[in-house]
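# Structural overview
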Amino acid sequence: MSYIVFARKYRPQRFEDVIGQDHIVKVLKNAVKNNRIPHALLFSGPRGVGKTSTARILAMALNCENVEDGEPCLKCKSCRDIMEGRDVDVVEIDGASNRGIDEIRDLRDKAGYVAISAKNKVFIIDEVHMLTKEAFNALLKILEEPPEHVKFIFCTTEPFNVIPTILSRCQRFDFKRLPIVEIVKQLKIICKDQNIEYELEGLNLIAQMADGGMRDALSMLDQIALMHKKITYDDVNSIFGRLDTYFFVKLVQKVIEKDLKGIIESFEELLMKGFDIETFVSEFANYFHYLTLLKNDITTDEISSLHPEIFEKAKEQSKHFSNTTLNQITRELIELSNKLKFASNRKMVVENQLARIPFMIDGRDIDEIIRLLNEKKFTEKKIVEKKIDERIEKVETKVEEKKDDEKEDLVFEKFIEFCKRKDPVVGTALENGDLLERKKDYIKISFPDSLEYVLKEDKIKNLIKDFNEKINLEILFFKNVKDDNKIINNGLEKNENVLKIIERFDGEIVY
Ligand SMILES: [Zn+2]
């Protein structure tokens, strides 16, 4: 017997076998039972989640001689013919390859005839968004006056590219990405059935890489099972060349330790092994996103499928970053991955960003370090020492402030809580500022200028207006870029604290 790939061998045959789309299956089964299937249905959703399989099951259920509880019997002639693809009344068209208007005209002619051997004539058009405009229009003509006993099932990964006049004539069903646990469950069943040994971590990694698509997961399992007796994490990782999450655990550890040299070396090593720069950047962004989720105790499917050891380490790492910093790093990496498409010296662009990240932890600008890096001088030791000094200084100041704070009214804390409800981004940012001065309802606070776009003056003013207590908030932004401009501001330039902060951060008064 010839070899049948898993994706085909384990394709669902009945509604109850369709995984992870219960919301759709239930509606369809009921529609079959009550004989209320609309003329046109649109199945939309990501690739490989069961759209076409469900369409075939529906076609069988519509024509089965012994439908039971909305399910096809799989035994009658009609069921068997459809399963084997030789039923003339169930026509499958691939929108991606049959793009011409002729095919649709042909389809229109076919639709005109009464079904030959089955009760219903069913047209399944896969990737319907790929049809040409002319083909769409021809299709529309049929849909305007659909013949009795003709059903259309359109499948698409891009519903937004299906013209509205078609969309409006379809009952739409949105298929979901499959959760990792569901994919792993199915992989386990198949492994057991095929006598394939596995490591759970290996199956987890397959499911993670399949990004919610069962078909992709099964074809990966297929490939590995052909080469190896056992599905291991390492094999999956090496065959599909994805960056190991553990690589990022180690990389972020270097970020936390401000081991600039180690970071750049790891990156170069990766390139030597032939890894793609863009993939690296987007996976790195992804890892920082994980850290954000872990820091805030948010459990998603991806988080719960992390290897326990990685989970623990990443959770610990997340404590070294503020939410604002994690957000900023993730955002910058995403921006970088977009920029890379047009960059000429991609390696240098990425190295610059990598050198920036460790110093974003304490919110200081690092143009100077980037300059040094470009000159290929790794002088990180001195910088680390300086940073450590600064941090100690900062901690001490904070402790002193705290003592005074205790006597103060909690108006600022209340305001932060208020902002967090109204505008969580602003609230979180405010929480992470450096408090400069505090007297009753007067608070002076400073932020790196990278937060200027978050803490816009009009936004803050509106929040203060809506806040039901009196608060007088003064916000300063500092930046480290050399700026020789004289400071001219209403009296602030004489304020001792302001001068101190300006001197320390080489900053300027914004408002
Ligand atoms: Zn049947």
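Residues numbered from 1 in each chain as written. Predicted model: local features only at pLDDT ≥ 70, side-chain atom pairs only at ≥ 80, totals over all residues. Heavy atoms only, no water.

Turning next to a nonpolar patch on the surface. On the surface, a nonpolar cluster with roughly 440 Å² of combined accessible area is contributed by Y3, V5, L226 and M227. In this structure, M227 sits in helix α10 (residues 214-227). M227 sits in the exposed class, given a relative accessible area of 53%. (Patch = residues over 30% accessible without salt bridge, like charges linked within 9 Å, V, L, I, M, F, W, Y side chains within 5 Å. Areas by Shrake-Rupley, 256 points an atom, 1.4 Å probe, with all protein chains shown as cover. Salt bridge = Lys/Arg side-chain N within 4 Å of Asp/Glu carboxyl O. Helix = DSSP H or I, 4+ residues; strand = E, 2+ residues; numbered from the N terminus. Buried < 20%, exposed > 50% of the residue type's maximum accessible area, 1.4 Å probe, protein only.)

Burial analysis of strand β3 (residues 121-126) places five of its six residues in the buried class, the great majority of the element. Bridge count between strand β2 (residues 90-94) and β3: five bridges; the pairing is parallel. Paired with D94 across the strands is D126, a residue of β3. (Pairing = 2+ DSSP bridges.)

Here five strands make up an open sheet; going across it, the order is β2-β3-β4-β1-β5 and the pairing parallel. One side of each edge strand has no neighbouring strand; the edge strands of this open sheet are β2 and β5 (171-174). Adjacent strand axes in the sheet meet at a mean angle of 15° when their direction is disregarded. The strands that helix α2 (residues 22-33) touches are β1 (40-44) and β5; relative to β5, the one it contacts most, it runs at about 145°. Against the sheet, helix α6 (residues 133-144) makes contact with β1, β3 and β4 (150-156), and its axis sits at roughly 140° relative to β4, the strand it touches most. (Axes fitted to C-alpha atoms, helices over the stretch in contact; angles between N-to-C directions. Contact = heavy atoms within 4.5 Å.)

Let us look at the coordination of the zinc ion. For the zinc ion, the full set of protein donor atoms is C64 (SG), C73 (SG), C76 (SG) and C79 (SG), at a range of 2.2 to 2.3 Å. Geometry at the zinc ion is tetrahedral, judged from its four donor atoms and the angles of 99 to 120° they form at the metal. Mapped onto the sequence, the residues coordinating the zinc ion show the spacing C-x8-C-x2-C-x2-C. (Donors = N, O, S within 2.8 Å, 3.2 Å for Na, K, Ca; no water. Tetrahedral: all angles 85-135°; square planar, octahedral: opposite > 155°, others 65-115°.)

Secondary-structure assignment places S305 in the loop between α15 (301-304) and α16 (308-318). Taking C-alpha positions, S305 is 7.3 Å from I180, a pair spaced 125 residues apart along the chain. Those residues in contact with S305 that sit more than four places away from it in its chain are I180, N204 and Q208.

Moving on: the confidence of the model for the protein chain. Looking at the protein chain as a whole, its pLDDT mean stands at 80, while 79% of the residues score no less than 70. pLDDT under 50 marks residues 363-369. Its contacts with residues more than four places away, or in other chains, come to 19 contacts. Low pLDDT (under 50) marks residues 376-407, which in the prediction has 26 contacts with non-local residues, meaning those over four places away or in another chain. (pLDDT = per-residue confidence, 0-100.)

Next up on the list: the pattern of salt bridges. Any two side chains of opposite charge can pair, given that their charged atoms come close. Applying the stated rule across the entire model yields 26 salt bridges. In this structure, the salt-bridge partner of D216 is R47, at a minimum N-O distance of 2.8 Å. Residue D216 is located in helix α10, and its partner R47 is located in the loop between β1 and α3 (51-63); the two are separated by 169 residues in the primary sequence. Residue E84 pairs with R86 through a salt bridge whose shortest N-O separation is 2.2 Å. For R86, a relative accessible area of 48% corresponds to the partly exposed category. Linked through salt bridges whose partners overlap, the residues forming this network are K29, K33, D69 and E71.

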